[in-house]
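Residues per chain are reported as follows:
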Number of protein chains: 2
Amino acid sequence: MIEKEKLELPSYIYPEDPWKIIETRFSPKFLPQTETIFTTSNGYLGIRGVFEEGKPSNKDGTFINGFYETWPITYVEEAFGFAKTGQTIVNLTDSKIIKLYVDDEPFYLPTANLIKFNRTLDMKTGTLDREIIWEMASGKKISIKSKRLVSYEHRHIAAISYEVTVLNAKAPVVISSEIVNNDNSFKNGSDNDPRVARRFKESVLKSETFSVEDTRIVLCHSTNNSKMTVASGIEHSLETECENSFISECSKDFGKVVFSIDAEEGKTINLTKFITYHTTRTAPHTSEELCVRAERALNRAKKSGFNDLLKGQKKYLKDFWNKSDIKIAVNSDHEKKSTKKLQQALRFNLFQIFQATVRVEGAGVPSKGLTGEGYEGHYFWDMEIYLMPFLIYTSPLVARNLLKFRYSMLSKARDYSKQLNQRGAMFPWRTINGEEASAYYAAGTAQYHINADIVYALKKYVNATGDYDFLFEYGAEMLVETARLWSDIGFYSQRNGKKFNIHGVTGPDEYNTVVNNNAYTNLMARENLRLAIDTIESIRNIKPELFENVVHKTKFELKELDEWKNAAENMYIPYDKELGIHPQDDDFLNKEKWDFENTPPDKYPLLLHYHPLVIYRHQVIKQADLVLAMFLLDNEFTDEERKKNFDYYDPITVSDSSLSVCIQSIMASKVGYMDKAFDYAKYATFMDLDDIGKNVKDGCHIASMGGTWMLFIFGFAGFNNSNSIPTFNPKLPKQLEKLQFSITIKDSLIEVDINHKDIRYCLKNGKSINIKHQDTKIELTKENSSQKLPLN
Amino acid sequence: MIEKEKLELPSYIYPEDPWKIIETRFSPKFLPQTETIFTTSNGYLGIRGVFEEGKPSNKDGTFINGFYETWPITYVEEAFGFAKTGQTIVNLTDSKIIKLYVDDEPFYLPTANLIKFNRTLDMKTGTLDREIIWEMASGKKISIKSKRLVSYEHRHIAAISYEVTVLNAKAPVVISSEIVNNDNSFKNGSDNDPRVARRFKESVLKSETFSVEDTRIVLCHSTNNSKMTVASGIEHSLETECENSFISECSKDFGKVVFSIDAEEGKTINLTKFITYHTTRTAPHTSEELCVRAERALNRAKKSGFNDLLKGQKKYLKDFWNKSDIKIAVNSDHEKKSTKKLQQALRFNLFQIFQATVRVEGAGVPSKGLTGEGYEGHYFWDMEIYLMPFLIYTSPLVARNLLKFRYSMLSKARDYSKQLNQRGAMFPWRTINGEEASAYYAAGTAQYHINADIVYALKKYVNATGDYDFLFEYGAEMLVETARLWSDIGFYSQRNGKKFNIHGVTGPDEYNTVVNNNAYTNLMARENLRLAIDTIESIRNIKPELFENVVHKTKFELKELDEWKNAAENMYIPYDKELGIHPQDDDFLNKEKWDFENTPPDKYPLLLHYHPLVIYRHQVIKQADLVLAMFLLDNEFTDEERKKNFDYYDPITVSDSSLSVCIQSIMASKVGYMDKAFDYAKYATFMDLDDIGKNVKDGCHIASMGGTWMLFIFGFAGFNNSNSIPTFNPKLPKQLEKLQFSITIKDSLIEVDINHKDIRYCLKNGKSINIKHQDTKIELTKENSSQKLPLN
């Protein structure tokens, strides 16, 4: 593996714990990391792990998935068809602020004398908990306990339970609960650094209305250009035996409810803050209507109370872990510090995927979830290729929603393709609203493979769930349009045996751009064409009325089937006989090799230290490309090819993208390099907790987290569902003693328990199912629900 | 030839005349064209052909070559090494304004009743003349005659002679002569159209000082970022028998001298306005010092008077035409309208080159000269490849100055190369101050060939002039650094016979970018390496003290010679045996052919109608690339290769760049397609007068104008100086009866007179010289200065 610069975390940051991510000391130095890691989210609403006090903070953030502002993209040298409109997720009003004053002294972490400090992200309760004991100069000791949650059950609701106890005295206590439009989307840009150019020339959120009533405040704001509106509100319950009163006030961008309590020794003051966000993202609303919705939601939340929300969290997570957990036991011979924490990191990854997707309805999954502003809240291909497999096999309904969301962008994809003088539909490389927002086409728009990636996920989804209704009703139309695109941009070349060539595209590897016959793209395009052909033929036979619908919507003509068949049959897949490998593209093997020996660790990622022209002219790979194709299209490669390809590409893959090592791990498993597979597995699993990419401050790498799941399931457990029967053919690395997980295939929930000697399969729920244990077919039924078989 | 949309000019725009460009009607519709065409310039100062009244105008402009403002280039998706600072030539204070009022009625062209209108750019006097008779509603007729010049002899001086005569009455006449900072550089951008994005967020020119004394006004301004200062001034002489008085006033951005004259019938009022510009471009000056310089220049100009300046113009032009004119006679059988005007257009092209270069000292030649703001006043490779041949053979001192100017950028070229992790020096693709200003690297920075182009021009210059002192003193250092660059970015590939490959570059053709082994680049790089080797070996033998100097300045080591020799000897030049042609690059022949049949005329230029990705994946060529290499490196190709290459590339070359058709014409001549050669010749020659590229409004295509000269001299006259003796091997197209021109080779001025039967060579000036007439060697001496030889 390439040696790169690494961040060292001290032992008080994330000590080992199977179900919790803990910080046992106030560590301002690590705020850039912890603010991301401690994010609470439900896929609709996300609040970064910034303290209730608001300060100190590296980068605060509250986001609604899909709530964005637009801005004109300008190019110094413009060309036809370049993306014109940027889209950036909006950093919304900050509603979590709770400021505490005792004896009129403000509680401020950097100066407070902390007898105790503990922050915990609890992956079973879905809460971010903080426990502090603050000793004041006067000797008064204050216990401050808070619990923050973003509700899974009520997706517009978040809440904070804030408990203050003066332990050894009485004292006047003031708690100021606030909501403020900090205009962070505007402020976070920079005037001087062109790399974080200021997107916005003025405030992004303009006040529409505001209201205050008792302890409830509702603010309503709109964006200037995208014309989206958001209502955000807070409401409070105060429980205490102590004397208290409150005043509240509100203006356009700021509201607060200030509670004054005559705290008595040992008597707890318990303030619950309910938070809500409602937007016009899903339906047109006036600001008044949004405010009404916000008030209704706050009323309901207050009525049922914090505990009710907490119960909901636990229920959702119990269900989640039941279907999605991976349990591992680490071999005691290999109990290195990092390996011991593998279980925790693995669960953290799954938990963050859960937080990024559980209530994502009607939107996509941004590449950072809602944990940060990295990549501006955009949706990319990694949603389909890295995240979808986990969702398909653990939360198929979420998977279906995401595919449906892609379908909703089909019309804009058609428009974009037309604009580029192409037939069919061209899905945007990065987007929120369905329009291409990539301002650097070579590593953006040129990645035509996203079209095939979407189709690939569709196929996997149907495979795993048997949901042919979805395929016929929505999938077919996408298949027609994507097949058309491939058929249009490719051509038959006289020069390589009249094969079907696809030129001028970029594969997943962004260190080799705008190439001819990228093997990954051609393989995936063929798969796309094939699924289009199969689906159209099936639907025509089975559901003629739906077929008519497809014809009507797409103006499909039968002769197109022949076009697609020809293209698929004659698809050119580069292969080098001498080396016995698949060149990544037509020119790849002709390039100069990168001089790894003279590239010091601090020169990675290369893209921050070398001009693209320098990178592009060398054999150096940012992320698994052909190796990814081998994983996705298992049946297209022989064992020998797999090994030769891996041996060739692995040493020149620098994995400067977080999407790489998980795939390298899976293929290392496949070809039997188990130590390497385990090393890559650790690298992938600790990606964010160890901040390996040095950019966790911008958000979690949700796709890599999905990759972690894949490498355990498809890699170590050897799960394969590309043939008629789901198969398990595990290869456990010696560093693991045991690997146990659950997986859902066509309504059957199966638990698989692997050690070095045998596997136990258990049907936990649902219908009987046939599976293959290595080469042995077995049936799991209600009667015979658990079977243990030895490993060859 | 590709059929494209064309502008039709009426007969009153540029009627035929061998020495004048004339407009016989006031034609506001054609202002975008005429304002460029009627530019007066001396290569240092340029004033667009906007009326003295200032209005109506499409785009006004006054420029000093190399006087620019900088601005931060921002990218939505930034990458390492991208150019950071934009440079834009500044549109300076407008000093030509003269407003006329008769009976207090303003003279305004669009509403004036014009009895007569005539504008003439006179290519023998170097003046822009206008003659108008204005009939007022009162019946008064006013004659207005103006002559404008930008002095060739005094490069800081321009002048306008403005004559008013009330022909048939007496009347109060007011002439307001003004100078104004319109802030055009700021205003010309657009807030809405991203293609002409506003470069500047505020006024570009900030007032430093201003002064007024009698009829003299001097303003001084500085730029915000580049910190350049310019003093501009006006001074006046009024000659008239009529009673008159004046007042003058001045503020920061505006000054005027208003003359009030009691005009008597038939008595001419003659106002001369002297204009001057002085900048800190060449030396640091305080604004006070600049103002003093400006006043001195105005004093001197006023003292010697307009006629003196006029004499200077004529003298310079007489000398220019003597050394540079091309005379043609068109065969009467082919007297189509356009062909008849060929002589005029050809002279116009040479005249505009003269205007762009005659006093360019200490700067480069912007691709539009000083005729417009197109390409922001930047210097590109076309200076060396398209302009230099004309200069080398007609004005070698100007050529030398331009090469010296390139040399002055060597240090920044070194820095840029280092920044990109490359050895040697990398000259910027586009620049004013020596720093790369290309914001789209694929068709910018990637054009490494500019390094070899500069060296090529150096070689041609030394060849033609014998100026080895320049080669040794300045050239050698450039040669070492450029040879180093090629040696560094290329590599020996195991896969094509251990040849030396150059990957990831863009050739001249910008419709195929970032390719491997662009034939043009590799051929030119080899030439570069060879000249470096030869020069270093010569200098080491002949001028050891200069060699030590080179070693000291470049840290040159002798072993580098071997490196370069190896690279040159093993340079990979793509060749396709089957087709017998040189592929433009490794992949070119594998690409899909462009569908020309289904590309309507209004879809050209392609770059304005197709996404780069769509263009790049097809066999379609913007401009001569391999064909240009065949022209530049005549000896590297056999006749058969030339023909096969031309036959392959010509039909797929759309010539969307103005740099293309001149070269296509030359090669068509070479391979004997004389009709085609003549068609291309006309296309190239009429490029700007007919506004073929539909962008003359942004300035003249100075490089294409240089190309026109080349196609007559290298094409039709068959001039070749790449071997030991200058050779003429003419191929006159049937449409021409006669071609006569002068050329300077090593201090010998030769006139060549070609018809279809014979050539007459005449030594007009200078030393004896050997030349080759077809295969016959002849010597021209003072005694035997004129020889007539029959054509084979």
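Note: the structure precedes this text.
The rules behind these values
- Residues numbered from 1 in each chain as written.
- Chains lettered and ligands numbered in written order.
- Predicted model: local features only at pLDDT ≥ 70, side-chain atom pairs only at ≥ 80, totals over all residues.
- Heavy atoms only, no water.
- Helix = DSSP H or I, 4+ residues; strand = E, 2+ residues; numbered from the N terminus.
- Contact = heavy atoms within 4.5 Å.
- Polar contact = N/O pair within 3.5 Å; in protein donor to acceptor, adjacent residues only side chain to side chain.
- Least-squares fit on C-alpha atoms with pLDDT ≥ 70 in both.
- Pairing = 2+ DSSP bridges.
- Axes fitted to C-alpha atoms, helices over the stretch in contact; angles between N-to-C directions.
- Buried < 20%, exposed > 50% of the residue type's maximum accessible area, 1.4 Å probe, protein only.
- Arc of directions from axis to C-beta.
- Buried area = accessible area lost by both parts, 1.4 Å probe.
- Salt bridge = Lys/Arg side-chain N within 4 Å of Asp/Glu carboxyl O.
- Phe/Tyr/Trp six-rings, centres within 6.5 Å; stacked < 30°, edge-to-face > 60°.
- Lys NZ or Arg CZ within 6 Å of the ring centre and 35° of its normal.
- Parallel < 35°, antiparallel > 145°, perpendicular 65-115°, else oblique.
- Nonpolar A, V, L, I, M, F, W, Y, C, P; charged D, E, K, R; others polar.

As a further point, take the environment of B:Lys565. Residues and elements named next belong to chain B. Relative to the helices and strands, Lys565 is located in helix α13 (residues 559-569). Among all residues touching Lys565, those that are not within four sequence positions of it are Ile533 and Glu537. Here the side chain of Lys565 touches Glu537 through a polar contact of 2.8 Å, side chain to side chain.

This paragraph deals with the relation of the copies chain A and chain B. Superposing chain A onto chain B requires a rotation of 180° together with a translation of 0.0 Å along the rotation axis, leaving an RMSD of 0.0 Å. As the rotation angle and translation indicate, the two copies are arranged about a two-fold axis. Nearest to the rotation axis, the C-alpha of A:Tyr75 is located 3.6 Å from it, this being the minimum over chain A. The fraction of interface residues of chain A whose copies in chain B are also interface residues reaches 100%, indicating that both copies meet through the same surface.

This next bit is on the environment of A:Lys314. With respect to the helices, strands and loops of the structure, A:Lys314 is situated in helix α3 (residues 287-324). What A:Lys314 contacts, discounting residues up to four positions off in sequence, is A:Lys124 and A:Thr125.

All names here are of chain B. Spatially, five strands are ordered β20-β27-β28-β29-β32 in an open sheet, and the strand pairing comes out antiparallel. Whereas interior strands pair on both sides, the edge strands pair on one side only; in this sheet they are β20 (326-330) and β32 (786-790). Mean inter-strand twist for the sheet, computed between neighbouring axes without regard to direction, equals 15°. Pairing between β20 and strand β27 (residues 736-745): five bridges, direction antiparallel. For Ala329, the partnering residue across the bridge sits in β27 and is Lys738. Packing against the sheet, helix α3 (residues 287-324) makes contact with β20, β27, β28 (748-755) and β29 (758-765), and its axis sits at approximately 110° to β27. On the sheet, helix α19 (residues 702-716) packs against β20 and β27 and is oriented at approximately 100° with respect to β27.

What follows covers α13(B). Residues and elements named next belong to chain B. Within α13, burial applies to Glu560, Leu561, Trp564, Ala567 and Ala568. The arc that holds the buried residues of α13, viewed along the axis, is 130°, so those residues lie on one side. Facing away from the buried surface of α13 by more than 90 degrees, the exposed residues are Lys559 and Glu569. Residues of α13 that are buried sit in contact with α10 (468-489), β21 (491-492), β22 (500-501) and α11 (519-542).

This part takes up the environment of A:Leu309. All names here are of chain A. By the element assignment, Leu309 lies in helix α3. Overall, the relative accessible area of 3% leaves Leu309 in the buried class. Contacts of Leu309, omitting those with residues within four sequence positions, involve Leu149, Ser151, His154, Ile157, Ala159 and Phe274.

Glancing now at the interface of chain A and chain B. If you look at the interface, chain A gives 58 residues, while chain B gives 58 residues. Both faces considered, chain A and chain B share a buried interface measuring about 4900 Å² in area, 56% of it formed by carbon and sulfur atoms. The largest contributions to the chain A side of the interface with chain B come from A:Val76, A:Arg495 and A:Arg617, which together make up 15% of the buried area. Here chain A and chain B share four salt bridges between them.

A few words now on the pattern of salt bridges. All names here are of chain A. Enumeration over the complete set of coordinates arrives at 112 salt bridges over all chains. The salt bridge involving Glu78 is made with Lys84; its shortest N-O contact spans 3.1 Å. Overall, the relative accessible area of 36% leaves Lys84 in the partly exposed class. In this structure, the salt-bridge partner of Lys670 is Asp634, at a minimum N-O distance of 3.3 Å. A residue pair is termed long-range when its members are at least 10 positions apart, and Lys670 in helix α17 (residues 661-670) and Asp634 in the loop between α15 (626-632) and α16 (639-649) qualify at 36 residues.

To continue, consider unusual backbone geometry. Residues and elements named next belong to chain A. Across the junction of Tyr604 and Pro605, the peptide omega takes the value -10°, indicating a cis bond. When you line up the elements, Pro605 lands in the loop between β23 (592-593) and α14 (612-616). Residues other than glycine seldom take positive phi values, yet Tyr14 does so here, at roughly 55°. As for its position among the elements, Tyr14 is in the segment before β1 (20-23).

All names here are of chain A. Counting across every chain of the model gives 90 aromatic pairs over all chains. Here Arg347 stacks its cationic end above the ring of Trp19, 3.6 Å away from the centre of that ring. Above the face of the Tyr610 ring, Lys603 is positioned so that its terminal group lies 5.6 Å from the ring centre.

Residue and element names in this part refer to chain A. One can describe the packing of helix α11 (residues 519-542) onto helix α12 (residues 544-554) by two numbers: an axis separation of 5 Å at closest approach and a directional angle of 130°. In terms of axis orientation, α11 runs oblique to α12. Contacts from Ile536, Ile539, Arg540, Asn541 and Ile542 of α11 reach α12 at Pro544, Leu546, Phe547 and Val550. Split by residue class, the contact of α11 with α12 holds seven nonpolar, one polar and one charged.

All names here are of chain B. With respect to topology, nine strands assemble into an open sheet ordered β1-β9-β10-β11-β12-β19-β16-β15-β14, the strand pairing being antiparallel. In this open sheet, the two strands that pair with only one neighbour each are β1 (20-23) and β14 (205-213). Each adjacent strand pair in this sheet contributes to an overall mean axis angle of 15°, direction not counted. Across eight bridges, the pairing between strand β12 (residues 157-166) and strand β19 (residues 269-279) is antiparallel. Bridge pairing in β19 places Ala159 opposite Phe274.

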